[in-house]
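Overview (structure and organization)
Okay, here's what each chain looks like letter by letter:
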Protein chains: 2
Amino acid sequence: MSYSQLKEIFSQISAIGHALSILGWDEAVMMPEGGADARNDAVASLSVMSHQLLTEEQNKQLIEVAEKEELSSWDAANLKQIKRNYNEAILLPAELIRESSIAGMECEQNWRKLRTENDWETFKPYLEKVVKLSRQKAQILADHYNCSRYDALLDHFEEGLTGEKLEAIFNEIKPFLIEQLVRIQKRSQPVDLKNGPFPIEEQKELSLSIMENMSFDFNHGRLDVSHHPFCGGVSSDVRLTTRYNADDFAEALMGTIHETGHALYEQNLPKEWSTQPIGQSRGMIVHESQSLIMEMQAGRGEEFLSYLYKKIPEGWNIQQNFSEDDFIAAYHKVESGFIRVDADELTYPLHIILRYEIERALIEEEIEVDDIPDLWDDKMMEYLGIDTKGNYENGCMQDPHWPFGGFGYFPTYSLGAFMAAQLFQAAVKEKPQIQTELQAGSFETLNKWLNEKLRSHGRNFTYEEILQQATGQGLSIEPFKEHIKKRYKL
Amino acid sequence: MSYSQLKEIFSQISAIGHALSILGWDEAVMMPEGGADARNDAVASLSVMSHQLLTEEQNKQLIEVAEKEELSSWDAANLKQIKRNYNEAILLPAELIRESSIAGMECEQNWRKLRTENDWETFKPYLEKVVKLSRQKAQILADHYNCSRYDALLDHFEEGLTGEKLEAIFNEIKPFLIEQLVRIQKRSQPVDLKNGPFPIEEQKELSLSIMENMSFDFNHGRLDVSHHPFCGGVSSDVRLTTRYNADDFAEALMGTIHETGHALYEQNLPKEWSTQPIGQSRGMIVHESQSLIMEMQAGRGEEFLSYLYKKIPEGWNIQQNFSEDDFIAAYHKVESGFIRVDADELTYPLHIILRYEIERALIEEEIEVDDIPDLWDDKMMEYLGIDTKGNYENGCMQDPHWPFGGFGYFPTYSLGAFMAAQLFQAAVKEKPQIQTELQAGSFETLNKWLNEKLRSHGRNFTYEEILQQATGQGLSIEPFKEHIKKRYKL
């Protein structure tokens, strides 16, 4: 009885979440600039309403009584998640939620314009406000859970993740990556496929056709264009975005494969639980593992690339100008670059480690926003040998995460990459036909395996438990290292 | 104090309204079909939340205390609207709101498909459910206000409108229209401009360019395509839609001018009141007067058409194949047709009167859904001389209004047309330069006049008061009759 009341409350919260997701997609894809102020107010109010529903006084007692009720294992797991959401929310005052929501949206909206103008100075006060509010939130959670501020933020994005775990993993992978990078940089570069222009309409068709290969359900989702690619919407209606570059078709194509990985996770979550916490995706590490297993493991593997080579529209003159080997090699190019989202899988974790080190220090108040550019420049030089001085646009202003207040989010990208390698290794070992299928453009067995091991469980297991069940051990960076050595012949 | 609490509550309600408006636009323009079930649930939940906020027990007392507070005239008027909304909402049980919301969306979603399949039998049970729930709602309101069911629905769409007023107006206009129609049908038909195909992209450009002429603010709105044209979104971000027909450019163009009229009303409402009831558009008669003053009065007047003739893209061969007089005459074509939204302004009110007569009887339980097709066929034959037997798609299944439960809405279209004629007559009398400006493609003085007389007042005055202030008398059908006689040289 108490439990079913809670379910009803969470289904209301889910309705607000549905609205916020679609509004978020709309803001990035459709909304004219002038709509921002009223939109920000509306979104802030909806966030507060959701927070109010979550923190109603009666909920505490409902949870206590529900815990004594006889529940199925799914219901019991759902109740645990309800309790986790409640506990986190009860700590944060509504006013802080509203302020954070508005500050994040304002900062992100200004970031869009100011980034293209390379205008750090005007951008800084917006970011300072977001940092201030993020520290406040983190402090409140840290006090309660008796952990560090940054730990509190990490746990929000992936239950069970801590700074200590992160530090251990990053300390181990950083020297490995820098070492491999030095080796690779001594080699000659693969050829460049950028002999465009590649018509946007044809790129879009190719993207849509690859999404079909991947079994994206177009009856429950769509593909659009946005400034920064993302996967949004709701599981019954997943909204992917990509961005097209007329000179480089791989950008949109690999971006689409990446976001489709996210989308397939959402589309294959347990539908009957779609309005309850237990029916949602696990956390950001697991989500990222699902995009990267598609993009980095399957999508950039020789098998699928061999299929893709044949699928490239003839008018693009790829098959005429490049051999299949050259084509594949081009997708395995490793190069230190400015932009995280354009980075290869070897330099990518270094982009992340850099951001992690800065944001952790920022949240722990060891540095201030003012210190970001210098730190950024130093670390880019140290890890990737790249000079970013004065180049904010392609430096510390390149990502939306800090503007919207997503501190603690970046590390999940790399942990997701490691998880993806570990999952893919296990999947191929168990079902060797995955690779032959990919060679024919089919993701069937890989999808089935992922549905069974992970997607269909919703939020029942932590990322460590999922890995344990699917691969026989918790998160390990060995499969990723093996993958890197094999793919890049190191 | 109580009043400012009420304002805060209504600004929360407005945030839900914002979400519902954008979700509504999204559903019609963007959402894949498979997203419907979860969307319907989310929208129903949000509607219930809005209803709960509106009907909180404390609100009654807050209103009573606020009524004794010293308030500015806008605040006092706002409080009156708050009270009206509260009184209407308190009568309707949340469960009925939810059921109506879901039934309306289900019926409309099925209607989209079933209409194209001309499938009345499958559609019927969906509509019956909507009718049943609409009757329930109407009955509850009617009992309270001591009026007829249909009166209660009319008052919801336009405060102060009654069945009695409607009956008087329709009784007077019906024989006039039928008589004029008989006269016109004896004339030879104007030439047909349908020598397409007219490329959709170029039609879109022309639509956008005319919207600029009309001073549509693209920083606070956008134009898209939907199955059925509408004006949605919020006043800070107005979402217009149109539909393009490659064989007939007038369809999208005049549709766009019509919806832009609605949009200009929204965009010029008092911004500082955008989250309060007083800051909203008046009602549906007034809203429709704003679209029709643009489409029928200004847009199809000789002056603007003369400008438009020169604006038609050269590649369409209009100027080569038709004289300006022929072009203008084509826009003044009168013809009995199946489709309301394609109807000219002379036959349009007959389409409305037909619907009014049917829906009034339906709501008052004098007829059942089963009786609709026969009644439709009889009246179409009587008023317009058209045989619709078995043709549901272009007969009683052509409009979304009944599917979504909008009973009482149709009459406002024609009353809006009469109001538009009355307003335009007064505007041109007061500011004769309006016509010379239209000849040059400018809507400047007309926009200013409408802003001053109507748009900037939000919900301060009833439609009768607005007319009284702007034209010196309440709603009259004389200006519409004069307009018809003049435009069609009768």
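The structure this text deals with has already been given above.
Residues numbered from 1 in each chain as written. Chains lettered and ligands numbered in written order. Predicted model: local features only at pLDDT ≥ 70, side-chain atom pairs only at ≥ 80, totals over all residues. Heavy atoms only, no water.

Once that is clear, we can look at the overall build of chain A. Looking only at helices and strands, one finds 22 helices and 3 strands in chain A. Whereas a compact globule of 490 residues would reach a radius of gyration of roughly 23 Å, chain A reaches 22 Å, a difference of no more than 12%. The principal-axis extents of the C-alpha atoms in chain A amount to approximately 70 × 50 × 45 Å. Out of the 490 residues in chain A, the part that is buried amounts to 59%. Taking as baseline every contact in chain A between residues at least 6 positions apart, the subset at least 24 positions apart corresponds to 74%. Summing over all exposed atoms, chain A offers an accessible surface of approximately 19400 Å²; the carbon and sulfur share of this is 48%. Positive and negative side-chain charges in chain A, numbering 49 and 80 respectively, have mean positions lying 3 Å apart. (Helix = DSSP H or I, 4+ residues; strand = E, 2+ residues; numbered from the N terminus. Rg over C-alpha atoms; globule rule 2.2 N^0.38 Å. Buried < 20%, exposed > 50% of the residue type's maximum accessible area, 1.4 Å probe, protein only. Contact = heavy atoms within 4.5 Å. Areas by Shrake-Rupley, 256 points an atom, 1.4 Å probe, with all protein chains shown as cover. Lys, Arg positive; Asp, Glu negative; His and termini not counted. Charge placed at Lys NZ, Arg CZ, Asp CG, Glu CD.)

Here we come to helix H18 (residues 410-430) of chain A. Helix length check: H18(A) (21 residues) gives 31 Å between terminal C-alpha atoms against 30 Å at 1.5 Å per residue, within 8%. Extensive coverage of H18(A) is indicated by the burial of 17 of its 21 residues. (Expected span 1.5 Å × (residues − 1).)

The next subject is the pattern of salt bridges. Under the definition given, this model contains 64 salt bridges over all chains. Residue B:Arg239 is joined to A:Asp26 by a salt bridge in which the shortest nitrogen-to-oxygen separation is 2.8 Å. Linking B:Arg239 in strand S3 (residues 237-242) with A:Asp26 in helix H1 (residues 2-29), this pair reaches from one chain into another. Among the ionic pairs, A:Glu357 bridges to A:Lys379, the shortest N-O distance being 2.9 Å. Here A:Glu357, found in helix H15 (residues 348-363), pairs with A:Lys379, found in helix H16 (residues 372-384); they are 22 residues apart in sequence, far enough to count as distant. (Salt bridge = Lys/Arg side-chain N within 4 Å of Asp/Glu carboxyl O.)

Moving on: the environment of A:Asn195. Residue and element names in this part refer to chain A. Relative to the elements of secondary structure, asparagine 195 occurs in the loop between helix H8 (163-185) and helix H9 (200-213). According to the relative accessible area criterion, asparagine 195 is partly exposed, its value standing at 27%. It is 9.8 Å that separates the C-alpha atoms of asparagine 195 and alanine 246, two residues lying 51 residues apart in sequence. Each residue touching asparagine 195, except ones within four places of it in the same chain, is listed here: Trp316, Asn317, Ile318, Asn321 and Phe322.

The subject of this paragraph is the packing of H8(A) against H15(A). For any two helices packed against each other, the geometry comes down to the angle between their axes and how far apart the axes lie. Residue and element names in this part refer to chain A. At a minimum axis distance of 10 Å, the contact between H8 and H15 shows a crossing angle of 140°. Here H8 lies oblique to H15, going by the angle between them. You can see that H8 and H15 cross each other, and the crossing is left-handed. Counted together, Gly163, Leu166, Glu167, Phe170, Ile173, Lys174, Leu177, Ile178 and Leu181 of H8 and Pro349, Leu350, Ile352, Ile353, Tyr356, Glu357 and Arg360 of H15 form the full contact between these two elements. Looking at the contact of H8 with H15 residue by residue, the class counts come to 11 nonpolar, 1 polar and 4 charged. (Axes fitted to C-alpha atoms, helices over the stretch in contact; angles between N-to-C directions. Parallel < 35°, antiparallel > 145°, perpendicular 65-115°, else oblique. Left-handed = near helix turned anticlockwise from the far one by under 90°. Nonpolar A, V, L, I, M, F, W, Y, C, P; charged D, E, K, R; others polar.)

The next point concerns unusual backbone geometry. One non-glycine residue, A:Glu365, lies in the positive phi region at around 65°. Along the polypeptide, A:Glu365 turns up in the loop between H15 and H16.

Superposing chain B onto chain A takes a rotation of 180° plus a shift of 0.0 Å along the axis, which leaves an RMSD of 0.0 Å. The superposition of one copy onto the other is thereby described by a two-fold rotation axis. Judged by C-alpha distance, B:Ala19 is the residue of chain B that lies nearest the rotation axis, at 3.1 Å. When the interface residues of chain B are mapped onto chain A, 100% of them again lie at the interface, so the same face is used by both copies. (Least-squares fit on C-alpha atoms with pLDDT ≥ 70 in both.)

Facing the 34 residues of chain B at the interface are 34 residues of chain A. Note on chain B versus chain A: buried area summed over both sides is about 2600 Å², and carbon and sulfur give 60% of it. Across the contact surface, chain B and chain A share 4 salt bridges. Viewed at the interface, chain A and chain B are joined by 10 residue pairs in polar contact (both at pLDDT 80 or more). Of all the secondary-structure elements, those providing two or more residues to the side of chain B that touches chain A are helix H1 (2-29), helix H2 (36-55), strand S1 (221-225) and S3 of chain B. Ranked by residue count, the leading element in the side of chain B that touches chain A is H1(B), at 11 residues. (Buried area = accessible area lost by both parts, 1.4 Å probe. Polar contact = N/O pair within 3.5 Å; in protein donor to acceptor, adjacent residues only side chain to side chain.)

Further remarks concern the sheet that holds strand S2 (residues 231-234) of chain B. Residues and elements named next belong to chain B. Strands sit in the order S1-S3-S2 across an open sheet of 3 strands; the sheet is mixed. Strand pairing shows two members of the sheet lacking a second neighbour, S1 and S2, which therefore form its edges. Across the sheet, the mean angle from the axis of one strand to that of its neighbour is 20°, orientation sign disregarded. Both S1 and S3 contribute to a ladder of 5 bridges, which runs parallel. Paired with leucine 223 across the strands is leucine 240, a residue of S3. (Pairing = 2+ DSSP bridges.)

Residue and element names in this part refer to chain A. Read from one edge to the other, the open sheet built from 3 strands follows the order S1-S3-S2, with strand pairing classed as mixed. Each having just a single partner strand, strand S1 (221-225) and strand S2 (231-234) make up the two edges of the open sheet. Ignoring which end each strand starts from, the neighbouring axes of this sheet average 20° apart.

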